[in-house]
Amino acid sequence: MLTMIKAFFLATSLLLSASLVPAEESSTINIQNQQSHTRILAASCAACHGTQGNSVGITPTLAGLDKGYFVTQMLAFKRGERSPTVMHHHAKGLTEDEIQSLAVYFAQQPRVTHIAPKTEQLKESHGH
Amino acid sequence: MATNLLSDSEIDIQRRRILQATAFGAALLTANVGMARASKPPMGRVVIIGGGYAGTTAAKYIRMWSLGNIETVVIEPSSQFVSCPLSNLVLGGSKTIHDLTFGYSMVSKHHGIQWVKDSVVSVDTNAKRVRMSRGEISYDRLIVAPGIDVNYDRTPNLANAEAQTLIPHAWKAGWQTVNLRKQLEAMPDGGVFVLTVPKAPYRCPPGPYERVCQVASYFKQHKPRSKVVVLDANPEITSKKGLFNLAFTQTYAGIVDYRPNNELVSVDIPTKTVTTEFEQIKADVLNVIPPQLAGKVAQQMGLNNIDKRWCEVDFLTYASAIDPNIHVIGDSVSAGLPKSAHMATSQARVCAAAMVALMSGEQPDPLPVFANTCYSFIDDQQAIHVANVYRYDPAKKVMISAEGGGVSTAASAQEGQYAFAWANNIWSDVLT
Ligand SMILES: Cc1cc2nc3c(=O)[nH]c(=O)nc-3n(C[C@H](O)[C@H](O)[C@H](O)COP(=O)(O)OP(=O)(O)OC[C@H]3O[C@@H](n4cnc5c(N)ncnc54)[C@H](O)[C@@H]3O)c2cc1C
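Residues numbered from 1 in each chain as written. Chains lettered and ligands numbered in written order. Predicted model: local features only at pLDDT ≥ 70, side-chain atom pairs only at ≥ 80, totals over all residues. Heavy atoms only, no water.

> Tell me about the overall build of chain A, residues and numbers included.
Helices and strands together make up the secondary structure of chain A, namely 7 helices and 0 strands. When the elements of chain A are put in sequence order from the N terminus, they spell out α-α-α-α-α-α-α. Scored against the burial criterion, the 128 residues of chain A give a buried share of 42%. For chain A, the proportion of contacts with a sequence separation of at least 24, taken over those separated by at least 6, is 56%. Accessible surface, chain A as shown: approximately 6,900 Å² in total, 59% of it carbon and sulfur. (Helix = DSSP H or I, 4+ residues; strand = E, 2+ residues; numbered from the N terminus. Buried < 20%, exposed > 50% of the residue type's maximum accessible area, 1.4 Å probe, protein only. Contact = heavy atoms within 4.5 Å. Areas by Shrake-Rupley, 256 points an atom, 1.4 Å probe, with all protein chains shown as cover.)

> Residues and numbers for the overall build of chain B, please.
The helix and strand tally for chain B stands at 11 helices and 25 strands. Scaling as 2.2 N^0.38, a compact globule of 432 residues should have a C-alpha radius of gyration of about 22 Å, and chain B matches this with 24 Å. Overall, the C-alpha framework of chain B stretches about 75 × 65 × 45 Å when taken along its three principal axes. A burial count over chain B gives 58% of its 432 residues as buried. Counting contacts in chain B only where the partners sit at least 6 residues apart, residues at least 24 apart contribute 67% of the total. Of the roughly 16,800 Å² of accessible surface on chain B, a fraction of 53% belongs to carbon and sulfur atoms. Charged side chains of chain B number 40 positive and 37 negative; the gap between the two group centres comes to 3 Å. (Rg over C-alpha atoms; globule rule 2.2 N^0.38 Å. Lys, Arg positive; Asp, Glu negative; His and termini not counted. Charge placed at Lys NZ, Arg CZ, Asp CG, Glu CD.)

> Tell me about the packing of helix H3 (residues 36-43) of chain A against helix H10 (residues 341-359) of chain B, and please be specific about residues and values.
Between H3(A) and H10(B), the shortest axis-to-axis distance is 9 Å and the interhelical angle comes to 155°. By the angle class used here, H3(A) and H10(B) are roughly antiparallel. By crossing handedness, the relation of H3(A) to H10(B) is classed as right-handed. Facing A:Ser36, A:Ile40 and A:Ala43 of H3(A), the residues of H10(B) in contact are B:Arg349, B:Val350 and B:Ala353. Broken down by class, the residue content of the contact of H3(A) with H10(B) amounts to 4 nonpolar, 1 polar and 1 charged. (Axes fitted to C-alpha atoms, helices over the stretch in contact; angles between N-to-C directions. Parallel < 35°, antiparallel > 145°, perpendicular 65-115°, else oblique. Left-handed = near helix turned anticlockwise from the far one by under 90°. Nonpolar A, V, L, I, M, F, W, Y, C, P; charged D, E, K, R; others polar.)

> Which residues make up the pairing of strand E1 (residues 44-49) of chain B, and what values go with them?
Residues and elements named next belong to chain B. In terms of burial, E1 is a largely internal element, 5 of the 6 residues being buried. Handedness of the crossover joining E1 and strand E2 (residues 70-75) through helix H2 (residues 53-65) is recorded here as right-handed. Pairing of E1 with strand E9 (residues 141-144) involves 4 bridges; the strand directions are parallel. Note on E9: the bridge partner recorded for Ile48 is Ile143. (Right-handed = clockwise from strand over helix to strand, strands pointing away. Pairing = 2+ DSSP bridges.)

> A description of the state of the cysteines should follow, citing residues and the corresponding values.
Residues and elements named next belong to chain B. Applying the stated criterion across every chain yields a total of 0 disulfides over all chains. Here Cys311 is not disulfide-linked; the sulfur of Cys351 is the nearest cysteine sulfur, at 13 Å. In this structure Cys374 is a free cysteine whose sulfur lies 5.4 Å from that of Cys204, the closest cysteine sulfur available. What makes Cys374 buried here is its relative accessible area of 9%. (Disulfide = S-S within 2.5 Å.)

> Pulling in residues and values, what's your account of the side chain of A:Ser55?
Structurally, A:Ser55 can be placed in the loop between helix H4 (46-49) and helix H5 (67-78). In terms of polar contacts, A:Ser55 uses its side chain to reach the side chain of B:Asn425, at 3.2 Å. (Polar contact = N/O pair within 3.5 Å; in protein donor to acceptor, adjacent residues only side chain to side chain.)

> Report on the sheet that holds strand E15 (residues 273-276) of chain B, specifying residues and quantitative values.
Adjacent strands of a sheet pair through backbone hydrogen bonds, lying either parallel or antiparallel. Residues and elements named next belong to chain B. Here 3 strands make up an open sheet; going across it, the order is E14-E15-E16 and the pairing antiparallel. The open sheet is flanked by strand E14 (264-268) and strand E16 (280-282), the only strands paired with a single partner. Averaged over all pairs of adjacent strands, the angle between their axes in this sheet comes to 20°, without regard to strand direction. Inspection of the sheet shows E15 paired to E16 by 3 bridges, in the antiparallel sense. For Thr275, the partnering residue across the bridge sits in E16 and is Gln280.

> How would you sum up the confidence of the model for chain B? Please name residues and give values.
All names here are of chain B. When pLDDT is averaged along chain B, the result is 91, and 91% of the positions lie at 70 or above. Every residue in residues 1-40 scores below 50 in pLDDT, and together they form 39 contacts with partners more than four places removed in sequence or on other chains. Listed scores for the predicted complex are pTM 0.89 and ipTM 0.86. (pLDDT = per-residue confidence, 0-100.)

> Go over the packing of H3(A) against helix H7 (residues 96-108) of chain A with me, naming the residues and quoting the values.
Residue and element names in this part refer to chain A. Two elements in contact, H3 and H7, have axes separated by 10 Å at closest approach and are oriented at 80°. The angle between H3 and H7 places the two elements in the roughly perpendicular class. Residues His37, Thr38, Arg39, Leu41 and Ala42 of H3 pack against Glu98, Ser101, Leu102, Tyr105 and Phe106 of H7. For the contact of H3 with H7, a count of residues per class yields 5 nonpolar, 3 polar and 2 charged.

> Can you break down the nonpolar core residue by residue, with the values?
Residue and element names in this part refer to chain B. Counting residues in hydrophobic clusters, the biggest one holds 88 residues, and the most contacted among them are Val130, Leu142, Val144, Tyr318 and Trp427. Here the element with the most residues in this core is H10; it accounts for 11 residues. In this structure, Ile148, Ala170, Ala216 and Tyr252 belong to the second largest nonpolar core, which totals 33 residues. (Core = buried A, V, L, I, M, F, W, Y, C linked by side-chain atoms within 4.5 Å.)

> Describe the domain arrangement of chain B, naming the residues involved and giving the relevant values.
Residue and element names in this part refer to chain B. Here the domain parsing of chain B yields domain 1 (8-149 + 293-364) and domain 2 (153-286). The distance between the C-alpha centroids of domain 1 and domain 2 comes to 33 Å. Listed as interface residues are 20 residues of domain 1 and, on the opposing side, 20 residues of domain 2. When the two sides are added together, the surface that domain 1 and domain 2 hide from each other amounts to roughly 1,800 Å², 63% of it contributed by carbon and sulfur. (Domains from an automatic or database assignment. Buried area = accessible area lost by both parts, 1.4 Å probe.)

Right under this line is the structure:
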């Protein structure tokens, strides 16, 4: 119970800090736009690695990964030094600069548990 | 264990503190939204036509990246999202359509998206108003994301619901997919399933070949004397050629009969007989995948200027070449980019970021780059991929696939696991 409560407190303080972020950032949409390139690129990893790098499946979570580790892995994929299923085909298409900025971006993302959407019975009324 | 360390009253105190803290957090959150609203009026209203992969993603990311400052409305006639990705597995029998069906309430609630269950009938672009079957709404910017429309010009006798009950396309996941599966289940062993593939470009380049594998996998296990005849209008398999060829000639040797350069000319519905330029074949179960074009509403708006089928856009903003105030994303966008769900979400995010930039007087990203992958299932467990990074080429003004992309070396169950993880992650990204 105590650990649960601690976790709850932690979650609450995270919630608090999370709620502070938009307040600080709402005046700085500009800065966000400068980072737009990396954000768009990083968001295209979401199909496999989850929204902001928090995976709901067996694909590794990227949120909060150590920058150095991230870069080492990406360069290993790029150079064929780590044997992957699919990542070499992504890493090889990126520049080293892009890999560096992605490392910074993902290191900054908080680890959160994403929820999976619930499946439903398809209704008769659904068209096509 | 730890519970014993605290008495009930202590726990109560803790709980109250938590509640207070949470309430404080919540108050702060609303205060933020309130302050943002008060100090800075919403940046305007974006209306999105279509809540598929493209439209829903655009809505979520516009809300996220504008920090809630852009009012976002999605208009979608269905109350349910049915995923085309994995829908071929319904034909193979390892998934049901209900495993691929979701509601929209999570994504709309979490992100404050206004969700209108209706269908767009017409758009007055001068007045910036969208007319639906039950009302009207005005917009500052419009995103058109209606997916595909099917074209039965060549086989007009198939262009009605009754004909499609007998000969479904099942190229929009839903009841037609279920119908096709039932026909396969009812077919006696030794029967012939005929699948016709239209000339590229069409939605999901590897999709028809994945379908062949799924039906063949079902036959191999349950109806081993049956055949799959593929009449492909294209000169060769249009995606992951080597890998599909291996599946057709080895995994499903004796079941799959692949015939390229064999375009459908006509269909006799009662006998399920197809005629191509070269031959006539009678099917027991017939699946005609018709040629496709941009969704109906995009056609009505005259946005389909490429071959009268697809919509030309500026790949920095997805603004239409016909009307720069209107943005088009997803399968309706002109070819050159594979029409996949992953691609639809990537386009949606570039468009969302551009929307936020444009509506706050900023420059959109001048050199967008994004990743795309299509997994295909060879049976109920093994998958293969094609993966590429796409970058904007400022000279040619198109997205070009970067060096280093490619396909799997072989089908594997490990990639099957990653393909399911892909589905779960993209569903979570789009729908929560
Ligand atoms: C069998 C099959 C398998 C596939 N497998 C994969 C895969 O494994 N991986 C992959 O990446 N892609 C796959 N795809 C492709 C993928 O499904 C599409 O690329 C994707 O759905 C495109 O998204 P979209 O938003 O453009 O269209 P859709 O997802 O079709 O959404 C369009 C939406 O617009 C709505 N709409 C249309 N007209 C109106 C109107 N007038 N008013 C309001 N709303 C309207 C529709 O109801 C629909 O919900 C597959 C496709 C098929 C057919």
